[in-house]
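Coordinate inspection notes
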Amino acid sequence: MSYLKFDRRLMANLDESTQREYIRTNRKGAYSCSSIVGCNTRKYHGLLVIPVPTLSANNHVLLSSLDLTIIQHGVPFNVGIHEYEGDVFSPKGHKYIREYNVDVVSSTTYRVGGVILEKQFLFCHYTNRAITRYTLLEAHSRTTLRLSPFLAFRDVKMLTHRNDQINGDYGVARSGVTFCLYPGYPTLYLQVSKEHEFVSDPHWNEKNEYIKERERGYEYTEDLYVPGYFDVDIEVGESVYFSAGIEEADPASLAQLFDEEVAMRITKDDFRSCLLNAALQFYYRPDATHGYLLAGYPWFGVRARDLFIALPGCTIYADAPERFYRIMDTVLPEVRAFMNQISLSTEIRDINEGDVGLWAIWALQEYARWSTPADMVSRYGDFLNELIHYYLKNIHPNLRIDHTGLCYITGDGKPLSWMDAKINGQAVIPREGYLVEVNALWYNALCFYREVMPSQWTEEMESLLQLVEKSFCNIFINEHGYLFDYVNPHSTRRDWSVRPNMIFATSLPYSPLPKSTRRSVIEIITRELRTPKGLRSLSPKSDGYQPQCHGTQLQRERAYYNGSVWPWLLGPYFEACLKLYGRSAISFIERTLIGMEEELQQHGVGTISELFDGNPPFKGRGAISFAMSVGEILRSLELLKVAKSKYDTQTLPIIRYE
């Protein structure tokens with residue numbers, strides 16, 4: 001039985017099928033992305049979207065789509081689909097789809113009269129190449145496939161329109177043709193595995209509309225260049241391969257290359273295997289020696305904080321420790337360069353943020369838990385020692401250890417934490433001063449350092465640790481039993497908003513809070529912030545709650561951290577529940593994860609979205625695949641596995657915390 005399969009009824013319902021998107025990536029930062037019905041709904045969508053660093057830091061759409069027309073008895077049936085002005089869909093190829101399946105590779109089955117055709121698509125692992133395999137399963141007469149490429153050659157953040165600067169000339173490749181529409185772009189090779197005819201019929205397909213961009217308040221109409229089409233005959237039982245890449249392929253080897261790529265894929269037959277596949281897609285290897293995690297698709301690059309938060313789940317808890325080693329070996333020298341004021345990384349954004357080093361220490365702590373503390377010290381002890389003393393020296397640009405022993409962060413109104421929404425460069429949530437999660441991480445980092453490197457621990461550091469614990473409780477615990485999200489000692493205003501950042505003071509291996517306060521914190525988070533998809537960024541009872549993250553960029557920026565649900569916060573929430581409730585938390589966690597498993601067939605098929613609306617039906621929003629979401633859910637599965645083993649149980653009564 002297929003795990004990720006969509007039947008003809010759903011595929012024919014464009015209100016449903018255009019909301020579900022797939023993402024396929026390689027390790028070079030390139031990707032293919034569209035709705036599962038094949039109708040592009042974002043400017044970020046395309047069959048071949050690649051980095052072109054000489055033009056901009058963004059990816060670039062070369063091949064937007066590839067229309068398939070099935071011809072029998074001279075009658076064409078175009079099974080493609082595009083949306084045009086006035087909510088018009090044409091052609092209406094979705095009505096010919098009988099099934100869409102993504103258990104291994106994307107597979108669409110069409111039925112046109114007596115013809116049954118299977119289209120399978122994959123994106124090659126280490127080259128910028130997309131391959132489509134067409135297999136004719138049934139036909140009662142001669143069948144011809146017509147393949148029409150829609151070319152864009154533009155930045156993912158821009159749209160192209162009919163112009164006379166285009167270079168419409170095409171070159172000849174082995175069993176195919178080449179195009180390069182504008183200067184500075186690589187040559188696009190379009191090749192077919194079988195003898196065919198390329199018919200030059202250059203024209204502009206005008207006024208394609210992208211409904212997601214319209215919803216987001218951006219320009220949403222584009223003209224795409226169609227240079228002609230490929231006609232190729234196909235026999236029953238035969239497979240024909242179409243390759244789109246920036247290097248010439250050997251047409252005779254496309255079948256072998258396709259099979260080799262399929263053999264490398266993770267079969268997505270359950271919740272965890274889907275997440276393993278999603279985690280792998282964030283892995284970015286720009287060259288043979290370096291490795292990173294991209295923050296998400298389709299629009300994020302490498303972001304330091306996201307990388308360290310997602311790292312344990314997307315590597316060691318995804319059965320891929322070699323990725324952890326490669327990424328750490330790449331990133332730690334860049335963190336060192338920043339600490340030594342040598343340079344800022346050009347590959348990693350936000351490496352200079354005050355809390356990034358503390359998240360790096362947490363990632364090392366997770367590695368020590370997975371491996372052993374001794375192994376962690378052997379590999380990364382020098383870096384841990386440098387990082388702790390870097391903070392103690394008080395030379396970070398915007399973070400200081402003040403007289404309370406706590407971390408005090410300033411930033412002239414700019415975002416200073418993972419809650420990084422901003423309008424006109426200023427933080428929507430102006431958190432400044434003592435941030436609760438930053439200081440929970442600081443206390444935890446000191447305790448971890450004392451645990452694994454006792455020979456470096458001093459009496460002065462012990463006094464500091466005791467001061468941090470005392471100050472944390474005095475400053476953050478309020479009279480209602482939960483924690484202030486941040487405290488600015490230079491402001492008389494007290495913000496009583498209930499936010500999820502206090503969860504880290506209860507979830508991290510070392511907590512400065514007494515047990516009674518930890519219980520109180522978890523209870524209020526469960527009561528006001530927990531949803532089936534994650535934790536709300538603001539309680540519905542707090543002023544400014546905005547449950548829906550949609551509309552223009554301005555509207556979305558205001559909603560991101562004022563009520564939107566963030567699934568990555570389930571990781572620390574589950575960990576806190578297990579620490580406090582032990583055995584009785586297991587069924588509760590299992591029940592919550594069922595709600596996350598349902599998401600695999602919604603916004604981003606086979607993966608977890610960046611965020612969700614704060615109210616039912618908790619619609620997926622933001623990036624369709626987000627590394628922190630996937631990483632922390634994978635880590636949650638590991639926490640659950642360890643807890644079950646500890647308590648030697650498979651099924652337990654459900655405990656309700658509401």
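Positions within a chain are numbered from 1, following the residues in the order the chain's sequence is written. Where totals are concerned, whole chains, interfaces and linings use all residues; where local detail is concerned, this predicted model gives features only for residues with pLDDT of at least 70, and gives and counts side-chain atom pairs only at 80 or more. To get the side-chain values, all heavy atoms of the structure are used, and hydrogens and water are removed first.

Once that is clear, we can look at the nonpolar core. Take the buried Ala, Val, Leu, Ile, Met, Phe, Trp, Tyr and Cys residues and link them wherever side-chain atoms come within 4.5 Å; each set so joined is a nonpolar core. A 1.4 Å probe rolled over the protein chains alone gives each residue an accessible area, and that area as a share of the maximum for its type sets the label: buried under 20%, exposed over 50%, partly exposed in between. Counting 217 residues, the largest nonpolar core has F308, L384 and Y573 as the members making the most contacts within it. No other element matches helix α10 (residues 436–452), which puts 12 residues into this core. Note on contacts: a residue pair is in contact if any heavy atoms of the two residues lie within 4.5 Å. With residues near it in sequence (within four places) discarded, F308 still touches M328, V331, V335, V356, W359, A360, W362 and A363. Of all hydrophobic cores here, the second largest spans eight residues; its members include L122, C124, A249 and L254. The helix and strand labels rest on DSSP assignments: H or I over at least four residues marks a helix, E over at least two residues marks a strand, and numbering proceeds from the N terminus.

Now for helix α13 (residues 515–528). Working rule for helices: expected span equals 1.5 Å times residues minus one. When the terminal C-alpha atoms of α13 are compared, their 20 Å separation across 14 residues agrees well with the 20 Å that a helix rising 1.5 Å per residue should span. All buried positions along α13 are accounted for by T517, R518, V521, I522, I524, I525, T526 and E528. Against the buried residues of α13 lie α12 (504–507), β29 (530–531), β30 (534–536) and α15 (570–581).

On to the state of the cysteines. Whenever a pair of cysteine sulfur atoms sits within 2.5 Å, that pair is classed as a disulfide. For the coordinates displayed, the defined rule picks out zero disulfides. The structure places no disulfide on C33, whose sulfur is separated from the nearest cysteine sulfur, that of C39, by 13 Å. A residue is classified by how much of its surface remains accessible, and C33, at 0% relative accessible area, is buried. Sulfur of C447: no disulfide; nearest cysteine sulfur belongs to C473 and is 12 Å away.

Time to look at unusual backbone geometry. Residue S90 is joined to P91 through a cis peptide bond whose omega torsion reads -15 degrees. With respect to the secondary-structure elements, P91 resides in the loop between β8 (88–89) and β9 (97–101). Of note, the amide linkage connecting Y297 to P298 takes the cis form, showing an omega dihedral of 10 degrees. Locating P298 in the fold gives a position in the loop between β22 (296–297) and α6 (304–314). Positive phi, close to 55 degrees, is recorded for Q341, a residue that is not glycine. Inspection of the secondary structure puts Q341 in the loop between α7 (321–339) and α8 (356–370).

On a range of 0 to 100, pLDDT expresses the predictor's confidence in each residue. Taken over all residues, the pLDDT of the protein chain has a mean of 95, while the share at 70 or more is 98%. This model gives residues 651–658 a pLDDT under 50, and the stretch forms 18 contacts once residues within four places in sequence are excluded.

Let us look at the pairing of strand β3 (residues 31–35). In terms of residue burial, β3 counts as a mostly covered element, since five of its five residues are buried. Between any two strands, pairing holds if DSSP finds at least two bridges. Where strand β2 (residues 21–25) lies against β3, five bridges are found, and the strand directions are antiparallel. Of the residues in β3, the one forming a bridge with I23 is C33. Taking the residues between adjacent antiparallel strands as the criterion, β2 and β3 are bridged by five residues, where G29 takes a positive phi near 90 degrees.

With that settled, the discussion passes to the environment of A278. Counting through the fold element by element, A278 comes out in helix α5 (residues 271–281). Separated by 202 residues in the primary sequence, A278 and H480 place their C-alpha atoms 40 Å from one another. In this structure A278 touches G606, T607 and V630, once residues within four positions along its chain are discounted.

Moving on: the sheet that holds β9. Hydrogen bonds along the backbone pair up the strands of a sheet, which may run parallel or antiparallel. Here nine strands make up an open sheet; going across it, the order is β1-β9-β10-β11-β12-β19-β16-β15-β14 and the pairing antiparallel. Pairing within the sheet leaves two strands with one partner each, and these edge strands are β1 (5–7) and β14 (171–173). Ignoring strand direction, the axes of neighbouring strands in this sheet form an average angle of 20 degrees. The pairing of strand β16 (residues 188–192) with strand β19 (residues 239–245) spans four bridges and is classified as antiparallel. By the bridge assignment for β19, L190 is matched with A244. Sheet strands in contact with helix α4 (residues 254–263) are β11 (115–123), β12 (129–138) and β19, and its direction is about 100 degrees off that of β12. A fitted line through C-alpha atoms represents every axis, and for helices the fit uses only the stretch in contact; the resulting angles, taken between N-to-C directions, go from 0 to 180 degrees.

When two helices pack together, you describe them by how their axes are tilted relative to each other and by the distance separating the axes. Close contact between α8 and helix α9 (residues 373–392) brings their axes to 10 Å; oriented N to C, the two are set at 165 degrees. Between α8 and α9, the crossing angle belongs to the class labelled roughly antiparallel. Classified by chirality, the crossing of α9 by α8 is left-handed. Contact residues: α8 offers V356, G357, L358, A360, I361, L364, Y367 and A368, while α9 offers P373, D375, M376, R379, Y380, F383, L384, L387, I388 and Y391. In this classification, the charged set is Asp, Glu, Lys and Arg, the nonpolar set is Ala, Val, Leu, Ile, Met, Phe, Trp, Tyr, Cys and Pro, and all remaining amino acids, among them Gly, are polar. Residue classes in the contact of α8 with α9 are distributed as 15 nonpolar, one polar and two charged. An angle below 35 degrees is read as roughly parallel, one above 145 as roughly antiparallel, one from 65 to 115 as roughly perpendicular, and any other as oblique. Crossings are sorted by hand: turned counterclockwise from the far helix by less than a right angle, the near helix makes the crossing left-handed, and turned clockwise it makes it right-handed.

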